[in-house]
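Notes for the structure review
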Amino acid sequence: MNILIGQDNMWKFIGGESEKITDDLTAVNTFFGWTIQGCYGDNDKIHCVLNTLQTHEYTFDVAKFWEIESIGINAPREPAQVDVKIYINEITKRYVVALPWKISSEYLHDNKQMARKRLRDLTARLMRDPQKLREYHEGVEELWHSGVSERANEFNNSNSTVYYMPHMPVYRDDKSTSKMRIVFDASSCQPGKTSLNYHLSTGKNCVADLLKILVKFRFDKIALTADIEKAFLQIEIADSDRDVLRFLWYKTLPTMNEELPELAEYRMQRVTFGVTSSPFLLATTIQKHLQVNEAKYEGVSKHLEKSFYVDDMVSSIANEAKAIQFFKGATDIMSGAKFNLRKWNSNSLSLKSLLVENKQEPPLVQKVLGIVWNTMSDEISIEFDNTLNYIQKLKPTKRNVLKTMARIYDPFGMLAPSTVRIKLLLQELWKEKVEWDVVMPDEKTKVFENWRRELPILRAFALPRRLTTFDNATVELHIFADASPKA
């Protein structure tokens, strides 16, 4: 198999290890193995070299496929315990954290050349759409004016390590608030160098188990959801670490067919989306804040500790009185750390009325960690519209069967009687060693087409969110399994 990789993507595959062989040849470790890069030859002829020394062969393991298909079966391996310094800034009243270094920052390259190149590429793309260019410029300006970032040239830290992060826009049309987010690439590095993410620890996995959060959401009568507004950006980075969170933009808005404005250097003051340790720093800060407030807010802090999945709060409460108490207590607790709990929603009409009084307008239907929740009927279902439109256009090949399977997000297994058929089809295709992009044999194509025609029926399928109709029921989990010759 031959792959032609353009230079704009090549650096994504290159790791941090390199060994100089001669003045012209260097061995570089990549995702595909060790390669020799450079030039060799005499004055008459020059040959460029990019030779892979190691090959990787992947054999599909059907048993492993079924293992990783289920959520919450095997606990992920956790890295060693990482100590992180967390304290309160007495002026801003925000939590301050230090970056958890795995490898000393003194070996970190500044990456400025790569950041400048990526900025030129980004500018060229944004120039094609003046509205997006203006929106992006205003986004960078907002980071600065809101105190999330600061001008780096205002600080003369000649002895500190510096690293420049490339950045890019990410657009989410399904978001009810910000449609565009600026995302930083702390994995960027120049050939033979290492990135910021390479030097930082990901920390202990403090993110709650997704399935546990969703199951608890179905326990009690009153369901509640909310999220933290711009959660990462509410936590300050220690001043000693800010120079490794630098980025480049322009002092004024770039204009088509004119010389680019002078560059401005910024550095992030807050926890940054795109840095590998950020999820750990957010989760650790939230846990610390909730533990500090346990005595003052009795059971509310404890309940919140088990209700966050990153920055999403998902829970259920026994009755309306307790739900209203929880809403008020949770809002107070989180605001104490500058965390604004917003986009509250509930199936309780009393709580909805309270939200309207607080100038919030909860939608009737929303997604909760990927599951569709109708707050009026209090039912959950699987989002199908985009999936159906996508699947109907696919040719019946093994690759497209796998794509189809990956598009259906069903953590509760609500659609298992239907989706197990497509999984069994994929299993058979692997066993028969059918090629990836060849149209499947007629009998397999027929199975795929029949299954695809039945999918629209599942649009109307929904289950009650609540697991039981009894207010004082004791919930227990019982598991029954039976052997199957296929699944």
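Residues numbered from 1 in each chain as written. Predicted model: local features only at pLDDT ≥ 70, side-chain atom pairs only at ≥ 80, totals over all residues. Heavy atoms only, no water.

Turning next to helix H6 (residues 210–217). Of the residues making up H6, those classed as buried are Leu210, Ile213, Leu214 and Phe217. Relative to the axis of H6, the buried residues are bounded by an arc of 95 degrees and lie together on one face. Each element contacted by the buried residues of H6 is listed here: strand S10 (222–228), strand S14 (308–309), strand S15 (312–317), strand S17 (365–368), strand S18 (371–374) and strand S19 (379–381). The N-cap residue of H6 is Asp209: its side-chain oxygen and the backbone nitrogen of Leu211 are 3.1 Å apart. (Buried < 20%, exposed > 50% of the residue type's maximum accessible area, 1.4 Å probe, protein only. Helix = DSSP H or I, 4+ residues; strand = E, 2+ residues; numbered from the N terminus. Arc of directions from axis to C-beta. Contact = heavy atoms within 4.5 Å. Polar contact = N/O pair within 3.5 Å; in protein donor to acceptor, adjacent residues only side chain to side chain.)

By the element assignment, Thr445 lies in helix H14 (residues 442–454). Each C-alpha atom, one on Thr445 and one on Leu425, is 9.7 Å from the other, the two residues being 20 residues apart in sequence. The contacts of Thr445, once residues within four sequence positions are left out, are Pro396, Val439 and Met440. Among the polar contacts made by the side chain of Thr445, one reaches the main-chain carbonyl oxygen of Met440 at a distance of 3.0 Å.

Okay, the sheet that holds strand S5 (residues 86–88) next. The 3 strands lie next to each other as S5-S6-S11, forming an open sheet whose pairing is mixed. Each edge of the open sheet is held by one strand with a lone partner, namely S5 and strand S11 (236–237). Two strands pair when backbone bridges link them, and strand S6 (residues 95–97) and S11 are joined in this way by 2 bridges, in the parallel orientation. Its bridge partner lying in S11, Val96 is registered against Glu236. (Pairing = 2+ DSSP bridges.)

Attention shifts here to the pattern of salt bridges. Counted by the stated rule, this structure contains 25 salt bridges. Of the charged contacts in the structure, one is a salt bridge between Asp243 and Arg246, with a shortest N-O distance of 2.9 Å. Asp243 gets classed as buried once you look at its relative accessible area, which sits at 2%. The exposure class assigned to Arg246 is buried, which follows from its relative accessible area of 9%. Across the salt bridge formed by Arg246 and Glu265, the nearest N and O atoms sit 2.9 Å from each other. Of the two residues, Arg246 is situated in strand S12 (residues 246–250) and Glu265 in strand S13 (residues 263–268); the sequence distance between them amounts to 19 residues. Of the two residues examined, Arg246 and Glu265, each falls in the buried class. A single network of salt bridges, built from pairs that share partners, joins Lys112, Glu150, Glu236, Asp239, Arg242, Asp243, Arg246, Glu265 and Arg267. (Salt bridge = Lys/Arg side-chain N within 4 Å of Asp/Glu carboxyl O.)

Right, let's get into the packing of helix H13 (residues 416–431) against H14. Interaxial distance between H13 and H14 falls to 11 Å at its minimum, and their mutual angle equals 160 degrees. Taken together, the axes of H13 and H14 lie roughly antiparallel to each other. Seen along the crossing, H13 lies across H14 with a hand that is left-handed. Of the residues in H14, those touching H13 at Ser418, Thr419, Arg421, Ile422, Leu425, Glu428 and Leu429 are Lys444, Val447, Phe448, Trp451 and Glu454. Its residues placed into classes, the contact of H13 with H14 shows 6 nonpolar, 2 polar and 4 charged. (Axes fitted to C-alpha atoms, helices over the stretch in contact; angles between N-to-C directions. Parallel < 35°, antiparallel > 145°, perpendicular 65-115°, else oblique. Left-handed = near helix turned anticlockwise from the far one by under 90°. Nonpolar A, V, L, I, M, F, W, Y, C, P; charged D, E, K, R; others polar.)

This part covers the packing of aromatic side chains. Scanning the entire structure with this criterion turns up 10 aromatic pairs. Joined through ring pairs, the aromatic side chains of Trp144, Phe184, Phe247 and Tyr266 make up one cluster. Directly above the ring of Tyr198 sits Lys102, whose terminal nitrogen or CZ lies 5.8 Å from the centroid. Cation over ring: Lys398 sits above Trp436, and NZ or CZ is 4.7 Å from the ring centre. (Phe/Tyr/Trp six-rings, centres within 6.5 Å; stacked < 30°, edge-to-face > 60°. Lys NZ or Arg CZ within 6 Å of the ring centre and 35° of its normal.)

With that settled, the discussion passes to helix H9 (residues 320–335). With 16 residues, H9 should reach 22 Å at 1.5 Å per residue; the first-to-last C-alpha distance of 22 Å fits that figure. N-cap assignment for H9: the residue whose side-chain oxygen lies 3.3 Å from the backbone N of Ala321 is Asn319. (Expected span 1.5 Å × (residues − 1).)

Let's shift gears to the confidence of the model for the chain. Mean pLDDT for the chain: 86, with 86% of residues reaching 70 or above. Counted against residues more than four places away or in other chains, residues 43–47, with its pLDDT under 50, gives 6 contacts. Predicted confidence for residues 49–62 stays below pLDDT 50, and this span has 25 contacts to residues more than four positions away or in other chains. (pLDDT = per-residue confidence, 0-100.)

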